[in-house]
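Chain by chain, the residues:
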Amino acid sequence: AAHRTLPLNTRLSVPNLKTGRSVEVTITDRGPYKDGRVIDLSKAAAKKLGMVKQGLVPVRIQDVAG
């Protein structure tokens, strides 16, 4: 996943607020640079969230302890 400011290697839980599906990701890149977007997910993570066709969905990002 990519995030503008979180430290690299940060582990996050990212739930899709519409479906309730959740995926754990690691921040490995910087971005997104488009206004209004908080996180970019890999295609594999997007598939797990069931959001590949939509492209954009509301999510929450939560730090994974440990």
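See the structure shown above.
The rules behind the values
Residues numbered from 1 in each chain as written. Predicted model: local features only at pLDDT ≥ 70, side-chain atom pairs only at ≥ 80, totals over all residues. Heavy atoms only, no water. Buried < 20%, exposed > 50% of the residue type's maximum accessible area, 1.4 Å probe, protein only. Helix = DSSP H or I, 4+ residues; strand = E, 2+ residues; numbered from the N terminus. Pairing = 2+ DSSP bridges.

A. Spatial organisation of the pairing of strand β1 (residues 11–15). Taking burial as the measure, the five residues of β1 include four buried ones, the bulk of the element. Here β1 pairs with strand β2 (residues 22–26) via five bridges, running antiparallel. Residue pairing for β2: Ser13 is matched across the bridge by Glu24. Where β1 meets strand β3 (residues 62–63), two bridges bridge the pair, whose relative direction is antiparallel. For Ser13, the partnering residue across the bridge sits in β3 and is Gln62.

B. Examining the sheet that holds β3 more closely. Strand order in the open sheet made by the three strands is β2-β1-β3, with antiparallel pairing throughout. Pairing within the sheet leaves two strands with one partner each, and these edge strands are β2 and β3.

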